[in-house]
Amino acid sequence: KGLKTFSFTEFKVTVPSSLVVTLGQPVVLPCSFSVGNVWQPESIVITWQRGLEVVHSFYYNRDQLKRQSPHYVKRTSLYQSEMQKGNASLRLENVTIEDRGEYICSVRSQLGSERKIFPLKVAGNYNQYVLRMGCMHYSSRYTHAQDEFN
């Protein structure tokens, strides 16, 4: 009796285990984070990186692209209207083979901070399709060879 209970939301960032995208296409790199009862946009810091390269930064309630890697200029955007729902996903336009690698989504808010890493794999379209069909056509032993190309 008389004890007050506080509900505590554990801060958590969620990303996929991996993502395969098609060369030349746009892609959404999914990233979500815990939100509390009170939305404080000025406390949100979102940083996307690939290794040490800055892919996209957001703080002070707006995009901050001064430190963005030249490789990503004019190809990235966040869903700012959905941040209050915990959406930190990044849209990347015109995927190139150089975009493959380990992506880091870091989020900090009034509730806490966390970063998660996942690999982005880039699949070619026509050439890879021919290679897959060739493997499947010539040997039943390699029927599942397509799995190895992702």
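Thresholds, definitions, all that
- Residues numbered from 1 in each chain as written.
- Predicted model: local features only at pLDDT ≥ 70, side-chain atom pairs only at ≥ 80, totals over all residues.
- Heavy atoms only, no water.
- Helix = DSSP H or I, 4+ residues; strand = E, 2+ residues; numbered from the N terminus.
- Polar contact = N/O pair within 3.5 Å; in protein donor to acceptor, adjacent residues only side chain to side chain.
- Contact = heavy atoms within 4.5 Å.
- Core = buried A, V, L, I, M, F, W, Y, C linked by side-chain atoms within 4.5 Å.
- Buried < 20%, exposed > 50% of the residue type's maximum accessible area, 1.4 Å probe, protein only.
- Phe/Tyr/Trp six-rings, centres within 6.5 Å; stacked < 30°, edge-to-face > 60°.

1. Digging into the side chain of S43
No. 1: Along the chain, S43 falls in the loop between β4 (32-33) and β5 (45-50).
No. 2: At a separation of 2.8 Å, a polar atom in the side chain of S43 contacts the main-chain carbonyl oxygen of Q40.
No. 3: Among the polar contacts made by the side chain of S43, one reaches the side chain of Q110 at a distance of 2.8 Å.
No. 4: Contact partners of S43, with chain neighbours within four places excluded, come to R108, S109 and Q110.

2. Focus on the nonpolar core
No. 1: Ranked by size, the top nonpolar core spans 27 residues in total, and within it L29, I46, W48, Y103 and V107 carry the most contacts.
No. 2: Listing elements by their share of this core, those giving two or more residues are β2 (19-22), β3 (27-29), β5, β6 (53-59), β9 (90-92), β10 (101-109) and β11 (112-123).
No. 3: Residues within four places of L29 in sequence aside, it is in contact with L19, W48, S89, L90, Y103, F118 and L120.

3. Some thoughts on the packing of aromatic side chains
No. 1: Scanning the model with the defined rule gives three aromatic pairs in all.
No. 2: Aromatic pair F11 and F33: ring centres 6.4 Å apart, planes at 40 degrees, arrangement tilted. Placement of the pair is F11 in the segment before β1 (13-14) and F33 in strand β4, with a sequence separation of 22 residues. In this pair, the class of F11 matches that of F33, namely buried.
No. 3: Where W48 meets F118, the ring centres are 6.2 Å apart and the plane angle is 85 degrees; that geometry is what we call edge-to-face. Of the two residues, W48 sits in strand β5 while F118 sits in strand β11, which places them 70 residues apart along the sequence. You'll find W48 and F118 in the same group, each marked buried.

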